[in-house]
Amino acid sequence: MEGNKDGTSNEDSQQDDSSSEDKQEDDISSLPAKHSNQLEWGRRRAMNCEAAKKVSWSSYGLDLKEIALPFFMKYDSNLKFIYCSIPKVASTNWKRTMIVLSMKPEQRSKMTRQKVNELVNVHNDPRIQPLNNAHGNPFYPPFSKYYKFVIFRHPFTRAVSAWRNKLQLVNGVVNKYFYKNYGIDIIKITRGEVGVRDWSKNQKKNMVTFQEFVIGIRHGIVDRHWMPQSEICQPCSVNYNHVGFFEYLNEDTNYILDQIGVEDEVVKADKVSSASQKKSTTDITRELFNELSEDDRNAMYLFYKKDFLLFGYDKDVNSETFPYPNVPLQ
């Protein structure tokens, strides 16, 4: 289901989300041991789910609605937890963690942080099991009793991250899969057949711009890497034990690991999103959204309206609170 327009699986066709830009977003940190305030999240969920349910689903989300949860939910039957994996929200790091946790004790004891970070093709690793492989349902035993968690992210920084990772050069390479399935269609809409021919002649100099990416979304060109997060993990239907946020990644990761009984230092978070880093995705998002027309900015807000309602993010990229959620640490 990796980006295919018919919703079927094709994860082998993708570049690993851990490449280039995702690595640039990481930074060593020694922040206090806190985590997202779950009481405040519960209040937001209770107040806003009814309003969120009235917001129309994207056409892509509707196509996946019935199969999204069992596909995106990855489970560990030994530690009895379920992780709802959202693309472009630290999913590579969490899948690496799940791989380490699946190892036999002797192999696990030999892992170092470097070896963990060197794990590749994690999205296709057979040790990462989606719930649908077990014909499982998060609402019924035994999985209803598992510890369930999810990490969300500001919709705009996630969209920018997806555009950079899938439709811009990564280590000097064009993502042929994403251009075949999405990029060329966007170019047809924005530049016509002449633009497609120009791209074919010189791909690296004719990449999809962010404004064109936005126009593509407005024309229904959507992939799971930038579809609304609430359509993937459906937090109004699933009562997660912990809802974390990418902006508090270090704190939430370590708290979740503590809750499921993991003590391995090699998978404890020592990396966080670069919300405070110089020239981070946060800064780039501000620049790109300030260059958009007001009409395009409003269209992006409406596309992600459900996410904004539920998670309390500010749609104003120039706000002092951007990109943090309206759910504090505790």
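This structure is a prediction, so every number in the text was calculated from the model and none was measured.

> An account of the pairing of strand β2 (residues 73–76) is requested, with residue identities and associated values reported.
Across the two faces of β2 the burial is the same, with Met73 and Tyr75 and Lys74 and Asp76 all buried. Inspection of the sheet shows β2 paired to strand β3 (residues 81–84) by four bridges, in the antiparallel sense. Residue pairing across strands places Asp76 opposite Phe81, the latter belonging to β3. Between β2 and the antiparallel strand that follows it, β3, lie four residues; Lys80 among them carries a positive phi value of about 55°.

> Which residues make up the sheet that holds strand β5 (residues 147–152), and what are the values?
Reading across from one edge, β4-β2-β3-β5-β6 is the order of the five strands in this open sheet, with mixed pairing throughout. The open sheet has two edge strands with one neighbour each: β4 (129–130) and β6 (242–245). With two bridges joining them, β2 and β4 adopt antiparallel strand pairing. Each residue of the ladder has a partner; that of Lys74, found in β4, is Pro130.

> Can you lay out helix α2 (residues 38–53) for me, pointing to particular residues and giving the numbers?
The end-to-end C-alpha distance of α2 is 21 Å, a good match for the 22 Å that 16 residues give at a rise of 1.5 Å each. Approximately 40° is the largest bend angle found in α2, and it occurs at Met47. The complete set of buried residues in α2 reads Gln38, Trp41, Arg44, Asn48, Cys49 and Ala52. Its buried side turned inward, α2 meets β6 and α15 (305–311). The residue sitting at the N-terminus of α2 and contributing the capping side-chain oxygen is Asn37; that oxygen lies 3.0 Å from the backbone nitrogen of Leu39.

> Just give me the short version of unusual backbone geometry, but keep the residues and values in it.
Working note: non-glycine residues mostly have negative phi, and peptide bonds are mostly trans. Geometrically, the link from Pro141 to Pro142 is a cis peptide bond, its omega value of 0° lying close to zero. Mapped onto the fold, Pro142 is located in the loop between β4 and β5. The step from Phe322 to Pro323 runs through a cis peptide bond, and the omega angle for that step is 5°. For Pro323, the position within the fold is in the segment after α15. In this structure, Ala90 takes a positive phi of about 60° despite not being glycine. Classification of Ala90 as buried rests on a relative accessible area of 14%.

> Kindly report on the state of the cysteines, identifying the contributing residues and their values.
Counted according to the given criterion, the structure contains two disulfides. Each disulfide pairs two cysteine sulfurs, and for Cys49 the partner residue is Cys236, the sulfurs being separated by 2.1 Å. Every disulfide takes its handedness from the sign of the S-S torsion; for Cys49 and Cys236 that torsion is -95°, giving left-handed. One end of the pair, Cys49, is in helix α2; the other, Cys236, is in the loop between α11 (230–233) and β6, and 187 residues separate them in sequence. Classification of Cys236 by relative accessible area gives buried; the value is 19%. Residue Cys84 pairs covalently with Cys233 via a disulfide, S to S 1.9 Å.

> Could you give an account of the nonpolar core, naming the residues involved and the relevant values?
Residues Phe210, Phe213, Trp226, Tyr240, Phe245 and Tyr304 are the most contacted members of the largest nonpolar core, which totals 93 residues. Examining the composition of this core, we find that eight residues originate from one element, helix α9 (residues 176–201), more than from any other. In contact with Phe210, not counting residues within four places along its chain, are Val160, Trp163, Leu288, Phe289 and Leu292.

> Help me get a handle on the environment of Ile128, residues and values and all.
Within the secondary structure, Ile128 is located in the loop between α7 (113–117) and β4. By relative accessible area, Ile128 is classed as buried at 8%. Separated by 32 residues in the primary sequence, Ile128 and Arg96 have C-alpha atoms spaced 9.1 Å apart. Setting aside chain neighbours within four positions, we find Ile128 in contact with Lys74, Lys95, Met98, Ile99 and Val122.

> Break down the pattern of salt bridges for me, citing the residues and quoting the values.
Under the defined criterion, the tally for this structure stands at 10 salt bridges. A salt bridge links Arg218 to Asp295; the nearest nitrogen and oxygen atoms lie 3.1 Å apart. In this pair, Arg218 is assigned in helix α10 (residues 210–218) and Asp295 in helix α14 (residues 294–303), connecting sequence segments 77 residues apart. A relative accessible area of 41% means that Arg218 is categorised as partly exposed. Judged by relative accessible area, which is 49%, Asp295 ranks as partly exposed. Residues Glu231 and Lys306 are paired through a salt bridge, measuring 3.9 Å at the closest nitrogen-oxygen approach. With a gap of 75 residues between them, Glu231 in helix α11 and Lys306 in helix α15 connect regions that are remote in the sequence. For the pair Glu231 and Lys306, one class covers both residues: buried. In the salt-bridge network here, residues are joined through shared partners; they are Arg218, Asp295 and Asp296.

Here is what the cut-offs are and how they apply
Residues numbered from 1 in each chain as written. Predicted model: local features only at pLDDT ≥ 70, side-chain atom pairs only at ≥ 80, totals over all residues. Heavy atoms only, no water. Buried < 20%, exposed > 50% of the residue type's maximum accessible area, 1.4 Å probe, protein only. Helix = DSSP H or I, 4+ residues; strand = E, 2+ residues; numbered from the N terminus. Pairing = 2+ DSSP bridges. Expected span 1.5 Å × (residues − 1). Bend = angle between axes of the 7 residues up to and from the residue. Contact = heavy atoms within 4.5 Å. Polar contact = N/O pair within 3.5 Å; in protein donor to acceptor, adjacent residues only side chain to side chain. Disulfide = S-S within 2.5 Å. Core = buried A, V, L, I, M, F, W, Y, C linked by side-chain atoms within 4.5 Å. Salt bridge = Lys/Arg side-chain N within 4 Å of Asp/Glu carboxyl O.

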